[in-house]
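Examining the three-dimensional arrangement
Read off the chains here:
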Amino acid sequence: MNIKQRFERIKFQKKILIANLVLFVVPCIILSIILFNSIQGAANQQINESRLVILNQINNNLDDMFDQIVLYSRYFQCNREVNKIVSKTNYKSEYDKLKAKSSVRQFFETSSIVYNSFEYNMQIMCSSGYNYSSTDDRSIDISYPDLHKLEQEPWYTKLKKEDNRIAYISTWKSTEFSAMKNENAIQAICLIKNLNSGRVVGLMNIDLSQKMLDLILKRGLQNKHQQVFLMDDTGKVISSTKEETIGERITSQIYLKKLHDNVYGYFRDKIDGKISQICFVTNGTTGWKLVLYDDGKSALLAGNSLLLFMVMASIAYLLLAMVMTVFNSKYISRPLQKLKKDMKLVYKGDLSVRTEVEAMDEFGELSLQFNKMIGRIEELIGRLEKNKEEQRLLELRALQAQINPHFLYNTLASIRFLVEMGMSEKAEQSLLAFVQLLKRTYSDQRKLVPIKDEIIAIENYLILMQNRYQDMFTWEIQIDPEIEKYGIPKISIQPLVENAILHGFSGNERTGHIRITGYRKDDIIISVIDDGVGGNLEKIHKILESKETEQVSERFNGIGLQNIEQRLKLMFGESYGLSVKTSEWGGIQVDIHIPVVSIEQESN
């Protein structure tokens, strides 16, 4: 079968729908995609430029911190008194040693006054083996790294070549510093040389803690989706606003190449399974990379109102095109669909059907001829069945008096639907429940039935309704086993459940809940509770108090609240019956009050 033959077999409405989709919807989608990509590129560039501004500000804050470290270190490097103490190889007495230590401590205290904004921890390690620390307050013993072991580490050779410059290394690069088990992220290290001879007499180390770097990195972050981290030249994270990533190494070679080959820039990559926008700059003091990535999906629209406007306009146009396409296809094919539907009704035996003639075109003429044909057929059948009409009407009324035809039709239709949908188990369940319900309702001629039997009938009814309405409601039954043997008027609970389903949950978008409870407290109380839309309690009370029978057209067996109320009062007295109130869920709670009557007692 070729394309032409397949197209000819398609229904008329679908042909119109396909044609309109090709003419309107498809071009709209293509245009929207092109426009979106164009604006997205410009907006993305603008947002990334703003991110680079943030990174540069953070980078400047890092450089300010490094500049402060230079000033702080030079305060000690250029001080002749400190240099003299550090250069000294031995002391004549223990007193001289303590005096030297006190002098250095005094210099630390003085520096804290001069540089009161600095919160760095400085250590001075002398070649002679003497060590000094800015945190030495005589209260605790301070441990120092081994200077001779530090001199064996790779970074020390480079430090000697850089003369008086400060070397910045991440703590993890030094085995000796890492063994100190502190929270320092970076070590700022410089050599101390004798001011006269120029020989190396010691090493000065300034600790930069993770807490200090975290404060700097977090400045400028705009939302929780953003993360900033400082990465060394090996790809390892020195410090990060996301604490769990500290110490991790970036393994993607493509990722690292993009960072190392450029001083600054931005690109996209997958981070933690998500496509994120990555921006980076290079710190001029250390050469390390300062990286920001943002996985926020709303950043693009929030940063570009023009893009948002264009996207909304495209969506609006697309929706309008689809609505017009569907409307046109339905408008043109509606007369045919209506005629087809009416013909099906006639085929099923409904000869009262008359097709509405909307316009005197070809479809209108076809509809007129159809109406005339059905009228003629109805006239012929009327003549044949004239003598049996009265008998048929009487039989129909008798059937309606036994069971509501709407309930029968809807139940059978729902069973048919379950069968057609391949839900054979539910269809079988519904059919069995329907048979049991009819059997218990109409075969049992007793005035009172055991509460257990009434509950079984209710369960069958709820199974039918739940299979029919699917997710409209859920239900539960909590009946005290002690009261199951006592009697209750037949079909006393079912109309209350039906009210909850048809009136409480109709039009309600969320799933409703029905709870049926029963217990004995002097008398027997059976409650039907729902969380539906509620109702006018005052009106319900007036209906219960009215002596006129309630007319209900779509209730199982035509039984309403008044019918139950009057039957209970006639059978057990005025102190029994129904009470209605607002349930704890916000819906309706109807309580049935009946005396304790055994089935044997009722028979007697």
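In this report, we go over the structure that sits alongside the text. Worth saying up front: this structure is predicted, and the values here are computed from it rather than measured.

1. Quick look at the pattern of salt bridges
- If you walk through the whole model with that rule in mind, you get 13 salt bridges.
- Residues Glu-94 and Lys-97 are paired through a salt bridge, measuring 3.5 Å at the closest nitrogen-oxygen approach. With Glu-94 and Lys-97 both in helix α4 (residues 94-114), this residue pair falls three residues apart, about one helical turn.
- You can call Glu-94 partly exposed: its relative accessible area is 47%.
- A relative accessible area of 30% means that Lys-97 is categorised as partly exposed.
- Two residues, Lys-173 and Asp-233, come together in a salt bridge whose shortest N-O distance is 3.3 Å. Of the two residues, Lys-173 is situated in the loop between β3 (167-170) and α7 (175-178) and Asp-233 in the loop between β6 (226-231) and β7 (237-240); the sequence distance between them amounts to 60 residues.
- With a relative accessible area of 47%, Asp-233 lands in the partly exposed category.

2. Focus: the sheet that holds strand β14 (residues 512-521)
- Pairing within the open sheet is mixed, and its five strands lie in the order β12-β14-β15-β17-β16. Each end of this open sheet is capped by a strand with a single partner; those strands are β12 (473-479) and β16 (577-582). The mean inter-strand angle of the sheet, taken between neighbouring strand axes irrespective of direction, is 15°.
- Here six bridges tie β16 to strand β17 (residues 588-594), and the two strands are oriented antiparallel to one another.

3. Remarks on the sheet that holds strand β1 (residues 121-126)
- Taken together, the five strands give an open sheet; going across it, the order is β2-β1-β5-β4-β3, and neighbouring strands pair in antiparallel fashion. In the strand order of this sheet, the two ends are held by β2 (131-133) and β3, each with one partner. When the angles between neighbouring strand axes are averaged without regard to direction, this sheet yields 20°.
- Two strands pair when backbone bridges link them, and β1 and β2 are joined in this way by three bridges, in the antiparallel orientation. Counterpart to Gln-123 in the pairing with β2 is Ser-133.
- Across the sheet, helix α3 (residues 80-87) is in contact with β1, β2, β4 (184-193) and β5 (200-209); its angle to β4 comes to roughly 90°.
- Contacts from helix α8 (residues 210-218) reach β4 and β5 within the one sheet, and its direction differs from that of β5 by about 55°.

4. Examining the nonpolar core
- If you look at the biggest cluster of nonpolar residues, it comprises 47 residues, and the most contacted ones within it are Ile-493, Val-497, Ile-501, Ile-514 and Ile-516.
- Here this core gets nine residues from one element, more than from any other, and that element is helix α16 (residues 451-469).
- If we skip the residues at most four places from it in the chain, Ile-493 touches Glu-454, Ile-455, Ile-458, Ile-488, Ile-526, Val-528 and Ile-592.
- Grouped together as the second largest cluster of nonpolar side chains are 46 residues, Leu-55, Tyr-72, Ala-100 and Ile-192 included.

5. Observations concerning a negative patch on the surface
- Residues Glu-183, Glu-243, Glu-244 and Glu-248 make up a contiguous surface patch of negative charge.
- For Glu-248, the position within the fold is in the loop between β7 and α9 (253-260).

6. Here we look at the side chain of Glu-176
- With respect to the helices, strands and loops of the structure, Glu-176 is situated in helix α7.
- For Glu-176, which is buried and forms no salt bridge, the nearest opposite charge comes from Lys-149, at a distance of 4.6 Å.
- Within the structure, Glu-176 has its side chain in polar contact with the backbone nitrogen of Asp-146 (distance 3.0 Å).
- With sequence-adjacent residues up to four places away left out, Glu-176 is seen in contact with Pro-145, Asp-146, Lys-149, Leu-150 and Glu-153.

7. A word on the packing of α16 against helix α17 (residues 494-504)
- Interhelical geometry of α16 versus α17 gives an angle of 20° and a closest axis separation of 10 Å. Here α16 lies roughly parallel to α17, going by the angle between them. Crossing angle aside, the handedness with which α16 passes α17 is right-handed. Contact residues: Glu-454, Ile-458, Tyr-461, Leu-462, Met-465 and Tyr-469 in α16; Gln-494, Val-497, Glu-498, Ile-501 and Leu-502 in α17.
- Taken together, the residues that form the contact of α16 with α17 break down as eight nonpolar, one polar and two charged.

Cut-off values and rules
Residues numbered from 1 in each chain as written. Predicted model: local features only at pLDDT ≥ 70, side-chain atom pairs only at ≥ 80, totals over all residues. Heavy atoms only, no water. Salt bridge = Lys/Arg side-chain N within 4 Å of Asp/Glu carboxyl O. Helix = DSSP H or I, 4+ residues; strand = E, 2+ residues; numbered from the N terminus. Buried < 20%, exposed > 50% of the residue type's maximum accessible area, 1.4 Å probe, protein only. Pairing = 2+ DSSP bridges. Axes fitted to C-alpha atoms, helices over the stretch in contact; angles between N-to-C directions. Contact = heavy atoms within 4.5 Å. Core = buried A, V, L, I, M, F, W, Y, C linked by side-chain atoms within 4.5 Å. Patch = residues over 30% accessible without salt bridge, like charges linked within 9 Å, V, L, I, M, F, W, Y side chains within 5 Å. Areas by Shrake-Rupley, 256 points an atom, 1.4 Å probe, with all protein chains shown as cover. Lys, Arg positive; Asp, Glu negative; His and termini not counted. Charge placed at Lys NZ, Arg CZ, Asp CG, Glu CD. Polar contact = N/O pair within 3.5 Å; in protein donor to acceptor, adjacent residues only side chain to side chain. Parallel < 35°, antiparallel > 145°, perpendicular 65-115°, else oblique. Left-handed = near helix turned anticlockwise from the far one by under 90°. Nonpolar A, V, L, I, M, F, W, Y, C, P; charged D, E, K, R; others polar.

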